[in-house]
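One letter stands for each residue in the lines below.
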Amino acid sequence: MRRSILSSLRAHLGRLVAACLAIVLGVGFGTLAMTAHSSATNGIDQTIGKQNAGVDAVANPNRESITTAEAAAVAKLPQAASVVTELSAYMQVQWAGQVRPDSLGVDARYDTAKIAGPTAKSGKLPDAKNEIALPVKLAEKYKVAVGQELKLSTWEGKTYPVKVVGLLDDSTSIGGANAVATAETVNTFEPGSYLNRIKVAAAPGVTQAALAAAIDGVVNDGVDVYTGTAWIDHEVKGITSGIDVLGGVFGMFAVIALFVACLVIANTFTIVIAQRTREMALLRCVGASRKQVFSSVLAEATIVGLVASGIGVVFGVALSAIALTLARTFDWGLPPVALHLGLASVFVPLALGTVATILAAVVPARRATRVAPLAALRPEAAPVAKSKAGVLRLVLGFLLLAGGGALLVMAATSSQVLIGVAGGVMSFLGVLAVGSLLVPALVRVLGALPARSGGVPARIAVANAVRNPRRTAATTSALLIGVTLISLTCVGIASVRKTFDVTMDKEYPVDVTLKVYDEKMPATAAKQLQDIKGITQVVPVKSAKVKTGGETLDITGVDQGVAGSVIHDPKLVGQLQPGTALIDRQTLGMLNVEDGSTITIVSGKQKLTLKAVRAGGLDPITITQADLSKLAPNAAVTGYWLASDPKADGPEVIDALKQSLPTVKSLTIGGGLAERSFYTKVFDVLLLVAVGLLGVSVLIALVGVGNTLSLSVLERTRENALLRAMGLTRRQLRGMLAVESLLMALVAAGLGIALGLIYGWTGTSALMGSQVDGPVQYAVPGRLLLTIALVAAVAGLLASVLPARRAAKVAPAGALATE
């Protein structure tokens, strides 16, 4: 049997190429996910370990701060050989060319003889008063060189000149690094500087546990004490939680890709085994038992799975190495991470790919043993669609559809995500189960138009597409999974984004607010702000000091006629009317005023009674400028409300605003632009990553479509030859196969988009229903869904190119002579 297996593999290698490609893609993607996760985790482990080298115990404040007395007590412990107290001061620095100062954290330098600390990449570390070392990236951003003078100031306005004596190596820092100065300098900047934590190196012969126990005895209960090893684990866990989540997401997509590959593999082996019926029968006739035939098929699957999985592992590792190299080359803001190959990241995908191939071949292998030798020598009859097993499968499919649909409705109404996931899985399995009935019906409906207008080749293509319902359903199922998941992701993210936008409009109805205190706005302020790239509308607001309910408050007045151009919430725009005061919840509570009641506001000798309306997101009390002019006729412009272009880069706009209006000393910037821009980028990245990852499963599915067509061409060699002999041209034959492939791709795309809409909407309801104050918003990303359908159609046509060329090359006379 060994020779038979090897010869069979050589003889049918071409037919197994598509299955091998599906395995390579699925396993390669899984290897990429696991290798990238392993490399990132290992890189962070090494970075945190390097930063805490020599640390045997750490006292870290939790519920309570560390006092100087406790730090002194730790320093006196006989179990401690070296004690480092991390001090920090938070200052403001005036960078050259910047209008207003920026914040800067300054850490105190400490003895690094036994405990690792910051190192200088150029220059030196500070060793005298009023010397400072800056992180390299920060110095490069603001073009600061060694030897340059800077001015640091406290929040109270006290200024200190400092000299930059070195640049710190921050290549392995995660997040922004602080500057470094001597402890004396830090204490000068901020007397009683904040104690971040205490790091301790143990005396000879003292274990980390003993040292931690000794420290725990001299600090208060609100301070957490860790051993050095536990502290590193704590820091790594805090950083890698997001990486672990991302690794789980990558792993989920890898499982999806591998599942789709299994469908392609099972379909391929089913057809290959069906075409080798005579070969199997001959083996049975010469003495091979059912068990041997079954074992031979599984042996072939094992060899194919092992070889293809090995290639997939190499492919995935190579992609990981390229991605990590690009991350280092183009400085994507990530610490440099070296490729790390763990045993799991290599052998788990290899084992999964091999096992998945074997499992996918079990059913075809069993089918190969069920035909008696003499019966198998006769021509195989066409598969019977309405078999008993098919009826049972359809009944089970409809039950799954009904149960899954009920769970989806329950999840949407009760905001239970797990129930929604269960309902989605059940209902989708139901769709796959009834696929042999549903897909051919949809193919007939969709193929009605080309069958009428495309002539005989189109009608034959429609008939061929539904000739074997199970094969057609299996072929489209792989593509259906990918399209459904991509559509679900697009619809879900679009719906979540729309819900988020509506929520943001309520919490932050104005993109950006600018305000000054005890200063005057320059006369050209509006023009300066309007010239900033990304700003579309500038509306001035006035304010005045008023009294109401025994409290002195600031009241804001905005022009009712133009307020709608900067306020996103239409409800607030409608409520902003003369005689009405929009008051936030906190101010209503402070004044002990009910929503809808009246409130009397006094400014000097002027008095005005207004209707109090609860409205969040604006200033504490907002009225029209017409009402404000009655209270304070001389109220000055103290700020502006700005609207921004939705496509503008939020951080860039905020940075530009920070450097605007140079004659204003202190400018307060608020609004929801920064947060909205951040989450918009998150949504865009999520959508890009999800579509890219799921695109792998679609690629595997299209390999399956092409494979099915190729094997179908081999099955219908005599049939196609007969059609050629009767006058069908090569072009018509290629068109016939193209229509057949296009119909399957469009059915999978249409059904997948429909399911994606249902799952995306119900998933958004389950996920966001309990998170937002108001109804969940549903979105239909029409352009994206249309693009998905077009891509599926084009891909379906491309999948038919090679099979069609192969079919067109066969000479009619030679093909008619084949058995």
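Preceding block: the structure.
Draft legend 1. Broad picture of the overall build of the protein. If you tally the helices and strands in the protein, you get 29 helices and 19 strands. Classification of the 819 residues of the protein by burial places 46% in the buried group. Counted over contacts in the protein with a minimum sequence separation of 6, partners at least 24 positions apart contribute 81%.

Draft legend 2. Spotlight on the environment of Ser320. Note that Ser320 resides in helix 9 (residues 290–329). When its relative accessible area of 2% is taken as the criterion, Ser320 is described as buried. For the pair formed by Ser320 and Thr31, sequence separation is 289 residues and the distance between their alpha carbons is 8.4 Å. The residues touching Ser320, leaving out its near neighbours within four places in the chain, are Thr31, Leu32, Thr35, Ala36 and Leu339.

Draft legend 3. Representation of the environment of Glu551 in the model. Mapped onto the elements of the fold, Glu551 is located in strand 13 (residues 551–558). As a C-alpha pair, Glu551 and Leu591 span 40 residues in sequence and 7.6 Å in three-dimensional space. Residues within four places of Glu551 in sequence aside, it is in contact with Val546, Met590 and Leu591.

Draft legend 4. Fine view of the nonpolar core. Among the nonpolar cores identified, the biggest contains 40 residues, and Leu104, Val106, Ile132, Leu134, Leu152, Phe189 and Ile215 are the most heavily contacted of them. In terms of residue count, strand 2 (residues 80–93) provides more of this core than any other element does, 5 residues in total. Apart from the residues lying within four places of it in its own chain, the contact partners of Leu134 are Trp95, Leu104, Ala139, Val144, Leu150, Val164, Gly166, Leu167, Leu168 and Ala179. Ranked by size, the runner-up nonpolar core spans 32 residues in total, among them Leu432, Ala745, Val772 and Ile788.

Draft legend 5. A look at the pattern of salt bridges. On inspection of all chains with the given rule, the structure shows 6 salt bridges. Taking the shortest distance from any N to any O, the salt bridge between Asp127 and Lys124 comes out at 3.4 Å.

Draft legend 6. Structural detail: the side chain of Thr354. When you line up the elements, Thr354 lands in helix 10 (residues 343–368). The class for Thr354 is buried, based on a relative accessible area of 10%. Not counting residues within four places of it along the chain, the set of residues in contact with Thr354 comprises Thr302, Gly305, Leu306 and Ser309.

Draft legend 7. Structural detail: a nonpolar patch on the surface. Together, Val417, Val421, Val425, Leu429 and Leu767 make up an exposed nonpolar region whose accessible area comes to about 410 Å². When residues of the nonpolar patch are assigned to their parent elements, the largest contribution, 4 residues, is made by helix 13 (residues 417–433). Tracing the backbone through its elements, the reader meets Leu767 in helix 26 (residues 730–768).

Criteria and cut-off values
- Residues numbered from 1 in each chain as written.
- Predicted model: local features only at pLDDT ≥ 70, side-chain atom pairs only at ≥ 80, totals over all residues.
- Heavy atoms only, no water.
- Helix = DSSP H or I, 4+ residues; strand = E, 2+ residues; numbered from the N terminus.
- Buried < 20%, exposed > 50% of the residue type's maximum accessible area, 1.4 Å probe, protein only.
- Contact = heavy atoms within 4.5 Å.
- Core = buried A, V, L, I, M, F, W, Y, C linked by side-chain atoms within 4.5 Å.
- Salt bridge = Lys/Arg side-chain N within 4 Å of Asp/Glu carboxyl O.
- Patch = residues over 30% accessible without salt bridge, like charges linked within 9 Å, V, L, I, M, F, W, Y side chains within 5 Å.
- Areas by Shrake-Rupley, 256 points an atom, 1.4 Å probe, with all protein chains shown as cover.

This is a description of form; function is not addressed.
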